[in-house]
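Listed below are the residues making up each chain.
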Amino acid sequence: SKDLKEKTEKLDGVKPENPEEEITLTDEATKISVTGKNLAGKEIVVKRLWIIKSKDVSTFDITFRDVVTKEKVDLPIGKYKVVIPKEKGREVLNVYHLPDKGQLEKVEFTQDANSVTFFTTHFSKYAVEYKSEKPEDNNKPGDDNNKPENDNNKPINDVKPDNRTARKPKLA
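Residues numbered from 1 in each chain as written. Predicted model: local features only at pLDDT ≥ 70, side-chain atom pairs only at ≥ 80, totals over all residues. Heavy atoms only, no water.

J.: Just give me the short version of the pattern of salt bridges, but keep the residues and values in it.
T.: Counted according to the given criterion, the structure contains seven salt bridges. The residue Lys-31 makes a salt bridge to Glu-28 at a minimum N-O spacing of 3.2 Å. A salt bridge links Glu-91 to Lys-131; the nearest nitrogen and oxygen atoms lie 3.6 Å apart. Of the two residues, Glu-91 sits in the loop between strand S6 (80–85) and strand S7 (92–98) while Lys-131 sits in the segment after strand S11 (125–130), which places them 40 residues apart along the sequence. Glu-91 gets classed as partly exposed once you look at its relative accessible area, which sits at 40%. Salt bridges linked by common partners bring Glu-43, Arg-65 and Lys-70 together as one network. (Salt bridge = Lys/Arg side-chain N within 4 Å of Asp/Glu carboxyl O. Helix = DSSP H or I, 4+ residues; strand = E, 2+ residues; numbered from the N terminus. Buried < 20%, exposed > 50% of the residue type's maximum accessible area, 1.4 Å probe, protein only.)

J.: Give a description of the packing of aromatic side chains that names residues and reports values.
T.: Inspection of every chain in the model, using the stated rule, returns three aromatic pairs. Pairing Phe-64 with Phe-123 gives two aromatic rings, centres 4.9 Å apart and planes at 75°, and the pair type is edge-to-face. Here Phe-64 is found in strand S4 (residues 57–66), whereas its partner Phe-123 is found in the loop between strand S10 (115–120) and S11, with 59 residues between them in sequence. Relative accessible area serves as the criterion here: at 17%, Phe-123 is assigned to the buried category. Connected via pairs of aromatic rings, a cluster forms that spans Phe-64, Tyr-80 and Phe-123. Residue placement shows Lys-79 over the ring face of Phe-119; its charged tip is 4.6 Å from the ring centre. (Phe/Tyr/Trp six-rings, centres within 6.5 Å; stacked < 30°, edge-to-face > 60°. Lys NZ or Arg CZ within 6 Å of the ring centre and 35° of its normal.)

J.: Give me the sheet that holds S6: which residues, what numbers.
T.: Spatial strand order, S1-S2-S6-S10-S9: five strands in an open sheet with antiparallel pairing. Edge strands, defined here as strands with exactly one partner in the open sheet, are strand S1 (23–26) and strand S9 (109–111). This sheet shows a mean twist of 20° between the axes of neighbouring strands, independent of strand direction. Pairing geometry for strand S2 (residues 33–36) and S6, over three bridges, is antiparallel. From the neighbouring strand, Val-34 faces S6, where its bridge partner is Val-82. (Pairing = 2+ DSSP bridges. Axes fitted to C-alpha atoms, helices over the stretch in contact; angles between N-to-C directions.)

Okay, here's the thing in structure tokens:
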């Protein structure tokens, strides 16, 4: 199998200038990858954004730049496959395209154990919405665990004054 690998590596290096060839670019930091044509000579730039205030949503701005000049380039409209690694053990509910103006647009996607995959014709900001975690999973460092929204789901039993079984406060 070693020979085969060498042969395919040689093949990969033959025609980098063919715009019709599908290639995959991967962002080192986020491991987000984009596969498509027209990507030769470009690199992917992914910025993590915090514009949606929810710990269940990850937002990314995906752009491209010229490998040589490092200037931002717009890709021609085409069909591009985007793969975004999932946060460990979490289930994705929705993927959204965030246009600069207007409403969120839901994007059709597939997911497996490790990542979310969707197709797009153009690039901009995308958000991945995760299913809310069970409270026991929230103890990750750096998360603000004292958000009030986490407690709203618990039934409130001992607040009703007319509930005879509620423990009465001891008078000092």
